[in-house]
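Understanding the architecture of this molecule
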Amino acid sequence: MERIQKVIAQAGIASRRKAEQLIQEGKVTVNGKVVKELGVKVGPNDQIEVSGVPVEKEEPVYYLLYKPRGVISAVSDDKGRKTVIDLFPFVEKRIYPVGRLDYDTSGLLLLTNDGDFANALMHPKYEIEKTYVAKVKGIPSREVMRQLERGVMLEDGKTAPAKAKMISMDRRKQTSIIELTIHEGRNRQVRRMFEAIGMPVMKLKREAYGFLTLHGVNTGDYRELTPHEVKQLRNMALNKNR
């Protein structure tokens, strides 16, 4: 017997948090009866439906995508814009992104149908390190770089300590390229950090997620994670979430 939200997550329908929300909204039935309690446990013979669609457990899949700019990090978009799912035309399983990258941000994004895996990686307090390369307006002083490293005050609180590295600068155009590594997952965090120090982002790319990089993957393409990579990510998340 397993908790119903875990079964829904393992079926690739939604993350466990989203599954809990669906349950509380009365969109989940077990053997034809609406269930709104999160603690309910179900067995292999129970018939579960989410919004009228039967839940069938899928084999877990894990993908690394090089997301281009101008693509939404979502399963669907009510404005008809291109989503990351559109980049997987031959994948029939119900995958969804682990976290998100902004519409105008390119780079490494993970997608899966394993809700527990996604939930572990998106733990709100101890996220895995993510490395971004930003082209920004202006040339930061050493003190400004140290400020990025110590933490920047945003409207939702001070950011955690980060790693900041100057890659290059163009004094004529007054622009800089800076590498920034963070482990939090706030909305538009990197852009907001640079805005807070008066250096708005012109271009942003996520280069790495933990030990994973974009090496060998072209823009708009993806590859499956190896079993070893999946195991490493699980271990990293479990160790951080203890």
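This section reports on the structure supplied with the text. On a predicted model such as this, the values are computed, not experimentally measured, just so you know.

Attention now moves to the sheet that holds strand β3 (residues 33-34). The antiparallel open sheet is built from four strands, whose spatial order is β3-β2-β5-β6. Two strands in the sheet have a free side with no partner beyond their single neighbour: β3 and β6 (53-54). Looking at chain direction, strand β2 (residues 28-30) and β3 are connected through two bridges and run antiparallel. If you follow V30 over to β3, its bridge partner there is K33.

Okay, the pairing of strand β13 (residues 163-170) next. As paired elements, β13 and strand β14 (residues 175-182) share seven bridges and run antiparallel to each other. Within β14, the position partnered with M166 by the bridge is I178. Between β13 and β14, which pair antiparallel and follow one another directly, the connecting turn spans four residues, one of which, Q174, has a positive phi of 55°.

We now examine the nonpolar core. A general tendency of soluble globular proteins is for nonpolar side chains to be buried together. Counting residues in hydrophobic clusters, the biggest one holds 32 residues, and the most contacted among them are F88, L148, L180 and F194. Looking at this core, the elements with two or more residues in it are β7 (62-67), β9 (105-112), β10 (130-137), α4 (142-150), β14, α5 (189-196) and β15 (201-209). Not counting chain neighbours up to four residues away, the residues in contact with F88 comprise Y63, L65, I95, L111 and Y222. Core analysis: the second largest hydrophobic core is formed by 19 residues, L121, I128, L212 and A237 among them.

With that out of the way, let us pick up the side chain of T112. Along the chain, T112 falls in strand β9. The class for T112 is buried, based on a relative accessible area of 0%. For T112, the side chain forms a polar contact with the main-chain oxygen of V61, separated by 2.7 Å. When sequence neighbours within four positions are dropped, the list of residues in contact with T112 reads V61, Y62, R94, I95, Y96, V98, F117 and A118.

This paragraph deals with the packing of aromatic side chains. Throughout the structure, instances matching the rule amount to four aromatic pairs. With a centroid separation of 5.4 Å and an interplanar angle of 85°, the aromatic rings of Y63 and Y222 are classed as edge-to-face. Here Y63, found in strand β7, pairs with Y222, found in strand β17 (residues 222-224); they are 159 residues apart in sequence, far enough to count as distant. Judged by relative accessible area, which is 8%, Y63 ranks as buried. Clustering of aromatic rings is evident, with ring pairs tying together Y63, F88 and Y222. Across the ring face of Y103, the terminal group of R81 is positioned such that the distance to the ring centre comes to 5.5 Å.

The rules behind these values
- Residues numbered from 1 in each chain as written.
- Predicted model: local features only at pLDDT ≥ 70, side-chain atom pairs only at ≥ 80, totals over all residues.
- Heavy atoms only, no water.
- Pairing = 2+ DSSP bridges.
- Helix = DSSP H or I, 4+ residues; strand = E, 2+ residues; numbered from the N terminus.
- Core = buried A, V, L, I, M, F, W, Y, C linked by side-chain atoms within 4.5 Å.
- Buried < 20%, exposed > 50% of the residue type's maximum accessible area, 1.4 Å probe, protein only.
- Contact = heavy atoms within 4.5 Å.
- Polar contact = N/O pair within 3.5 Å; in protein donor to acceptor, adjacent residues only side chain to side chain.
- Phe/Tyr/Trp six-rings, centres within 6.5 Å; stacked < 30°, edge-to-face > 60°.
- Lys NZ or Arg CZ within 6 Å of the ring centre and 35° of its normal.

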